[in-house]
Amino acid sequence: MNITILGSGTSQGVPIIGCSCSTCQSSNEKNKRLRASAFIETKGVKILIDTSIDFRQQILRAGITDIDAVLFTHHHVDHIFGMDDLRQINQRLNKFIDIFGNETTMNEISITFRYAFDEELIKYKCVPLININRIKNEPFTFKGIEIIPIEVFHGRIKIFGYRIGKFAYITDCSYIPESEYNKFENLDALVLNSLRRAPHPTHFNLEQAVEKAELFKAKETFFTHITHDLEHEQVNSELPDYIKLSYDGLKINIKD
Ligand SMILES: [Zn+2]
Ligand SMILES: [Zn+2]
Ligand SMILES: [Zn+2]
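In this text the structure is predicted, and so the values were computed from the model without any measurement.

Visitor: In this structure, what is going on with the overall build of the protein? I would like to understand it.
Guide: Along its length, the protein carries 8 helices and 14 strands. Computed over C-alpha atoms, the radius of gyration of the protein comes to 17 Å, within 12% of the 18 Å expected from 2.2 N^0.38 for 256 residues, which places it in the range of a compact globule. The principal-axis extents of the C-alpha atoms in the protein amount to approximately 55 × 45 × 35 Å. Restricting to contacts in the protein with at least 6 residues of sequence separation, those with at least 24 account for 61%.

Written out as C-alpha cells, the structure reads:
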C-alpha cells in the first residue's frame, strides 16, 4: 500500500495570506501546506481521502490520473470544496466515482453540490459524476478492499477517520471515544491531526496528538492539519523518533 500526503495544512493552509511569521515566510518546502488530504493506492485500487479545496493543484502535483473512490471525513469547506474537479476524471475515463461518508457528511455534500444531481447536467458530464454512499460506523468492502470507519468527535460533531489494513487516517479530531481504541491496534502508520501548541475546542493540539500517538503506538505516526504555529524542523526536533510532522508530498509505504 502506498500513501501520499497531498496536503498537511489546516483550513487556511500555510503560508497564511498576509502573514509575516517565520513559518509563513520560510523557504523550506515542508512549511508549505495545502489543505488536508491523502491518496491511497492498494491492490490496484485508488482511494482519495477528502477532496480538499486545493484538490486540483494536489493531484496535478502528485501525478494522479485516476481515482476509484473518495472517503470523506466530514463536510467542512477545506475537506470538500475541490470536488468539482472530479469532472476531469469522470470525463476522461467515462466513469462515476463512488463517494463515502456518514449521513451528515453526505447530506451536507448533497446540499453544497446540489447542481451535481441535475439530470440534464449529468447527461452532458459538466458536473462531478458521483455515487453517494451513506455509511455507518461499520466495516465495508470496496473493490475487495476492507475499509473500517473510525468514529471520532470534531468538537460536537461526529466525523469519520478510516483504517485500511495497517494504515489509519484521522483528521479534525478533538476526542476519540475509548470504544474506538481497538481500531488503532497494530498499525504500521497512523496519520493524526495536530493543529498547534495552544489548545483548540475542535482539534487536538500538539500535546494531545503526542499523547494519542504514544497511546496507540503505531510504528510511525505523522501529524497533519497543521497551522503556521508548528515550524517543521523545530517541532520534529522535539518529537520522539516514531512521531513526525507530515508534509505535502510525503510518501508512506506499507507492506500489504
Ligand atoms: Zn479541516
Ligand atoms: Zn504565519
Ligand atoms: Zn473540520
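Now that the structure is up, let's keep going.
Visitor: What exactly am I supposed to notice about the sheet that holds strand 9 (residues 157-164) here?
Guide: Within a sheet, neighbouring strands are paired by backbone hydrogen bonds and run either parallel or antiparallel to one another. What the 7 strands build is an open sheet, ordered 7-8-9-10-11-12-13; its pairing is mixed. With one partner strand each, in any of the chains shown, strand 7 (140-142) and strand 13 (243-245) form the two edges of the open sheet. Looking at each pair of strands side by side, their axes are set apart by 25° on average, direction ignored. In the sheet, strand 9 pairs with strand 10 (residues 167-170) via 3 bridges, with the strands oriented antiparallel. Looking at strand 10, one finds that Ile 164 is bridged to Phe 167. Contacts from helix 7 (residues 206-216) reach strand 11 (189-193), strand 12 (220-224) and strand 13, with the element oriented near 160° to strand 11.

Visitor: How should I be thinking about the sheet that holds strand 4 (residues 69-71) in this particular structure?
Guide: Judged by pairing direction, the sheet is mixed, and its 7 strands sit side by side in the order 6-5-4-3-2-1-14 without closing on themselves. Two strands close off the open sheet at either side, each with one partner strand: strand 6 (130-134) and strand 14 (251-253). Each strand of the sheet is rotated relative to its neighbour by a mean of 20°, with strand direction disregarded. Pairing of strand 2 (residues 37-42) with strand 3 (residues 45-49) involves 5 bridges; the strand directions are antiparallel. Bridge pairing links Thr 42 to Val 45 in strand 3. Lying on the sheet, helix 2 (residues 55-62) is in contact with strand 1 (2-7) and strand 2; it crosses strand 1 at an angle near 135°. Sitting on the sheet, helix 5 (residues 103-112) is in contact with strand 5 (97-101) and strand 6, with an inclination near 150° to strand 6.

Visitor: Is there a simple way to think about the environment of Arg 61 in this case?
Guide: Relative to the elements of secondary structure, Arg 61 occurs in helix 2. Sequence separation between Arg 61 and Glu 138 is 77 residues; the distance between their C-alpha atoms is 33 Å.

Visitor: Help me understand helix 2, please; the structure alone is not making it clear to me.
Guide: Of all the residues in helix 2, the buried ones are Phe 55, Gln 58 and Ile 59. Here the buried residues of helix 2 occupy an arc of 90° about the axis, which is enough to place them on one side. Summarising the contacts, the buried residues of helix 2 are in contact with strand 1 and strand 2. Taken from the residues just after helix 2, Gly 63 is the one with a positive phi, measuring 70°.

Visitor: It is not clear to me how the environment of Thr 202 should be interpreted in this structure. Could you clarify?
Guide: With respect to the helices and strands, Thr 202 occurs in the loop between strand 11 and helix 7. In this structure, the C-alpha to C-alpha distance between Thr 202 and His 154, residues 48 residues apart in sequence, is 5.1 Å.

Visitor: Would you mind going over the pairing of strand 12 with me for this structure?
Guide: Strand 12 sits mainly inside the fold: 4 of its 5 residues count as buried. Relative to strand 13, strand 12 runs parallel, the two being bridged by 3 bridges. Counted as the bridge partner of Phe 222 is Lys 244 from strand 13.

Visitor: What exactly am I supposed to notice about the environment of Leu 86 here?
Guide: Assignment of secondary structure puts Leu 86 in the loop between helix 3 (77-80) and helix 4 (87-93). By C-beta crowding, Leu 86 is classed as buried, having 23 other C-beta atoms within 10 Å. Excluding residues within four positions of it along the chain, Leu 86 makes contact with Thr 51, Ile 97, Pro 128 and Ile 130.

Visitor: I would appreciate a short explanation of unusual backbone geometry in the present structure.
Guide: Glycine aside, the phi torsion of most residues is negative, and most peptide linkages are trans. Along the chain, Val 14 connects to Pro 15 via a cis peptide bond; the corresponding omega equals 0°. Examined against the element boundaries, Pro 15 turns out to sit in the loop between strand 1 and helix 1 (22-25). Residue Asn 94 is not a glycine yet carries a positive backbone phi of 50°. Structurally, Asn 94 can be placed in the loop between helix 4 and strand 5. On the basis of neighbour count, Asn 94 is assigned to the exposed category, with 9 C-beta atoms found within 10 Å. Positive phi is not limited to glycine here, since Lys 143 has a value of about 45°.

The rules behind the values
- All chains use their own residue numbering, which begins from 1 and follows the written sequence.
- In the order they appear in the text, chains get letters beginning with A and ligands get numbers beginning with 1.
- The predicted origin of the model limits local features to residues at a pLDDT of at least 70 and limits the giving and counting of side-chain atom pairs to 80 or more, whereas totals for whole chains, interfaces and linings rest on all residues.
- Helix and strand assignments follow DSSP, with helices taken as H or I runs no shorter than four residues and strands as E runs no shorter than two, numbered in order from the N terminus.
- Only the C-alpha atoms count toward the radius of gyration. The rule for a globule is 2.2 Å times the residue count to the power 0.38.
- Here the contact rule is simple: place C-beta atoms from the backbone, and any two residues whose C-beta atoms are within 7 Å are in contact.
- Strand pairing follows a simple DSSP-based rule, namely that at least 2 bridges must link the two strands.
- In this analysis, axes come from line fits to C-alpha atoms, helices being fitted only over the stretch in contact, and the angle between any two N-to-C directions falls in the range 0 to 180 degrees.
- Residues with at least 20 neighbouring C-beta atoms inside 10 Å of their own are called buried, those with 12 or fewer are called exposed, and the rest are partly exposed, where every C-beta is derived from the backbone.
- Arc definition: it is the arc formed by the directions from the helix axis to the C-beta atoms.

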